[in-house]
Amino acid sequence: MDTVKNQLKYPQPAGQKKDCGFPVMGVVAVANHSHGGIVDTVKCQHQKHDARMAPQLLHTVKENDIMLGDRASALTNLPAE
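These numbers were taken from a predicted model, which means no experiment stands behind them.

### What to know about the overall build of the protein
Alright, step 1. For the protein, the count of helices and strands is 2 helices and 2 strands.
Alright, step 2. Reading the secondary structure of the protein in the N-to-C direction produces α-β-β-α.
Alright, step 3. Looking at the protein as a whole, 19% of its 81 residues qualify as buried.
Alright, step 4. Accessible area for the protein stands at about 6900 Å²; split by element, carbon and sulfur atoms hold 55% of it.

### Comments concerning unusual backbone geometry
Alright, step 1. Positioned with a positive phi, Asn64 is a non-glycine residue whose angle comes to about 75 degrees.
Alright, step 2. Its place among the elements puts Asn64 in the segment after helix H2 (50-53).
Alright, step 3. Residue Asn64 is classed as exposed on the basis of its relative accessible area, which comes to 74%.

### Some details on the pairing of strand S1 (residues 25-32)
Both faces of the sheet carry side chains from a regular strand, because those side chains alternate between them.
Alright, step 1. The sheet contact formed by S1 and strand S2 (residues 37-45) spans 8 bridges and is antiparallel. Across the sheet, the residue bridging to Asn32 is Gly37, located in S2.
Alright, step 2. Between S1 and S2, which pair antiparallel in sequence order, lie 4 residues; one of them, Gly36, sits at a positive phi of approximately 80 degrees.

### Looking at the nonpolar core
Alright, step 1. In terms of nonpolar packing, the biggest core is built from 5 residues, these being Val28, Val42, Cys44, Met53 and Leu57.
Alright, step 2. Aside from chain neighbours lying at most four places away, what touches Val28 is Asp40, Thr41, Val42, Asp50, Met53 and Leu57.

### Focus on the confidence of the model for the protein
Alright, step 1. Residues of the protein with pLDDT of at least 70 account for 84%, and the chain-wide mean is 78.
Alright, step 2. Mean pLDDT across the elements of the protein ranges from a minimum in H2, with 79, to a maximum in S2, with 89.

### Here's the deal with the environment of Ala54
Alright, step 1. Tracing the backbone shows Ala54 in the segment after H2.
Alright, step 2. Sequence separation between Ala54 and Thr41 is 13 residues; the distance between their C-alpha atoms is 9.3 Å.

### Here we look at the environment of Gly37
Alright, step 1. Inspection of the secondary structure assignment puts Gly37 in strand S2.
Alright, step 2. Here Gly37 falls in the buried class, since its relative accessible area comes to 19%.
Alright, step 3. Those residues in contact with Gly37, other than ones at most four positions away along the chain, are Val30, Ala31 and Asn32.

So, how was this worked out
Residues numbered from 1 in each chain as written. Predicted model: local features only at pLDDT ≥ 70, side-chain atom pairs only at ≥ 80, totals over all residues. Heavy atoms only, no water. Helix = DSSP H or I, 4+ residues; strand = E, 2+ residues; numbered from the N terminus. Buried < 20%, exposed > 50% of the residue type's maximum accessible area, 1.4 Å probe, protein only. Areas by Shrake-Rupley, 256 points an atom, 1.4 Å probe, with all protein chains shown as cover. Pairing = 2+ DSSP bridges. Core = buried A, V, L, I, M, F, W, Y, C linked by side-chain atoms within 4.5 Å. Contact = heavy atoms within 4.5 Å. pLDDT = per-residue confidence, 0-100.

Quick look at the structure:
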């Protein structure tokens, strides 16, 4: 059975009947394509857009790394050189 605390943080989608189904959690991840592994993740409510969560993963990007993403993941908070 799910906990009240978990339901508050990761609520069920609005289309689900009350007390039916499971909460939905969003996950934004950084994958390293040289070895195929996940470097780091950020959990959030499923309604949050990944572009709002991505800045929390900037610590995984190092100098000379190549970052691949869709137009929504354009990071405007990159530190100035």
